[in-house]
Each structure stands twice: as structure tokens, then as C-alpha cells.
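One-letter residues, chain by chain:
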Amino acid sequence: MHVQEWLETVPAVSIYLLVGLVIGLESLGIPLPGEIILVSSALLASQHGDINPVILGACASAGAVIGDSIGYAIGRKGGRPLLAWLGAKFPKHFSEGHIATAERSFEKWGMWAVFFGRFVALLRIFAGPLAGVLRMPYWKFLIANVLGGIIWAGGTTAVIYYVGVVAESWLKRFSWLGLVAAVLFGLASMLVVKRKAKKAQAAQQEAEPVLAGE
């Protein structure tokens, strides 16, 4: 069943909770389609007066901030062994190459890696746990986390909602376009990160024999 068609059968309160939960779990480090759920829910809110877009955006923002904060705490406590465990459980998402790419982003951008990571599908699941593992000062993490969560979740909700209201005559067509755009954006960002991760992993493998020879 189409995501939006399924959401139409769910009560408004459940949609608020679902959006907050899915985005929170994704931010915590579990690969889930948070962006697709948010886009679909915002489009649904533009068609049905029962769903308040302000409450929807607030729940999405709260899920993003809380999920990232929990991920940070888990990463800080688990350290490197946590990344190794995640790599074994989710090899496609937490491979050594992906982790190396994310670490370079943190080294280069610091707290802004948390902020901008919110807008990239694959990095979204890394930001909280990796910031904790790297022991980024919590106040820096919190600022970037709150700003990124509110701007990404709240901004996405507002843009999709108002576009849906203005384009009511072609909303069904836009529903598909919005979902396709969200999926394509997510896939494109994942492919870019995956390519960089493979290069980082290859470079690491080439460096290992040299270090062993020394």
C-alpha cells in the first residue's frame, strides 16, 4: 500500500507519534525511512484538517533532537566497540569505509557535521552515535543537534505542507513526485557517501601493508 494511503487510515494522534518515533529511531542510529514518513505526513496534513502541521513539525523536531541525543549518549558510553558491533549488525550502513568517511567529516567540520548531517540520508544515522564515540563536547553537539533537527524537520514539514495547500488541484500527482524526490535524494546521498567510503576503505587497505612492513 502507498505510504500516504496507509497514513490516511491512521488517527491524527497516531501519526504524530509515528513520525516522532520513526525519526527518533533513525536519528538514534537505526536505518529507517524517516524522511519519506515525514514528507508523506506533511502532504496528508495539507489535505486533511484533522492533522495540525505545527504539531506534526514539533513532533518531528522533537524526535530528531531526542533521537540524536540518545544516540550521542549510547555512542559516548559504547565507544569504538559499539561501532564494531553496529558494523557487524548493519554492514551496509556501518561499514569501516562509511565510518571513516563520517569521521573525516567530523574532523573537518566539527559540530557542523552534526548540523549538516541531518540533511543527508546516510549521515543522519551516524551523527549522534559518532559524535558520542568521538567525545564531542555535549554543548557543541546540543547546539548543532537542536538547530539541525528543528530546521530539517520543521522546515521540511512547512515547505511540503504549504506547497500541498497551494497545489491542491494537482496534489495527488505531487504526492508521488514528493515521495520520488525524497527517495531519489536519499539514494543519491547514499551513493555519494558509499563511493567515498569505498575509496577510504581502499586507501586504508593499501596503507596497512606499509605499516606492517615498518
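Residues numbered from 1 in each chain as written. Predicted model: local features only at pLDDT ≥ 70, side-chain atom pairs only at ≥ 80, totals over all residues. Heavy atoms only, no water.

Given 3.6 residues to a turn, an α-helix orients residues that are three or four positions apart in the same direction. Between its first and last C-alpha atoms helix α3 (residues 34-47) spans 20 Å; for 14 residues at 1.5 Å apiece the expected length is 20 Å, and the two agree. Summarising burial for α3: 12 of the 14 residues are buried, a large majority. Those residues of α3 lying buried are G34, E35, I37, L38, V39, S40, S41, A42, L43, L44, A45 and S46. (Helix = DSSP H or I, 4+ residues; strand = E, 2+ residues; numbered from the N terminus. Expected span 1.5 Å × (residues − 1). Buried < 20%, exposed > 50% of the residue type's maximum accessible area, 1.4 Å probe, protein only.)

Within the secondary structure, I74 sits in helix α4 (residues 53-89). Distance from I74 to G132, taken between C-alpha atoms, is 7.1 Å for residues 58 residues apart in sequence. Non-local contacts of I74, meaning those with residues more than four positions away in its chain, are made with L28 and L82. (Contact = heavy atoms within 4.5 Å.)

Moving on: unusual backbone geometry. A negative phi angle is the norm for most residues apart from glycine, just as the trans form is the norm for most peptide bonds. At R135, a position not held by glycine, the phi torsion is positive, near 55 degrees. Note that R135 resides in the loop between α8 (127-133) and α9 (138-166).

Moving on, we come to the pattern of salt bridges. Working definition: two side chains of opposite charge can pair if their charged atoms are close together. Scanning all chains against the criterion turns up 1 salt bridge. Its salt-bridge partner being R118, residue D68 comes within 3.1 Å of it at the nearest N-O pair. Of the two residues, D68 is situated in helix α4 and R118 in the loop between α6 (111-117) and α7 (121-124); the sequence distance between them amounts to 50 residues. For D68, a relative accessible area of 2% puts it in the buried group. (Salt bridge = Lys/Arg side-chain N within 4 Å of Asp/Glu carboxyl O.)

As a further point, take the confidence of the model for the protein chain. The pLDDT averaged across the protein chain works out to 76; a share of 65% of its residues lies at or above 70. Per-element averaging of pLDDT across the protein chain places helix α10 (residues 171-213) at the bottom with 56 and helix α2 (residues 12-28) at the top with 90. (pLDDT = per-residue confidence, 0-100.)

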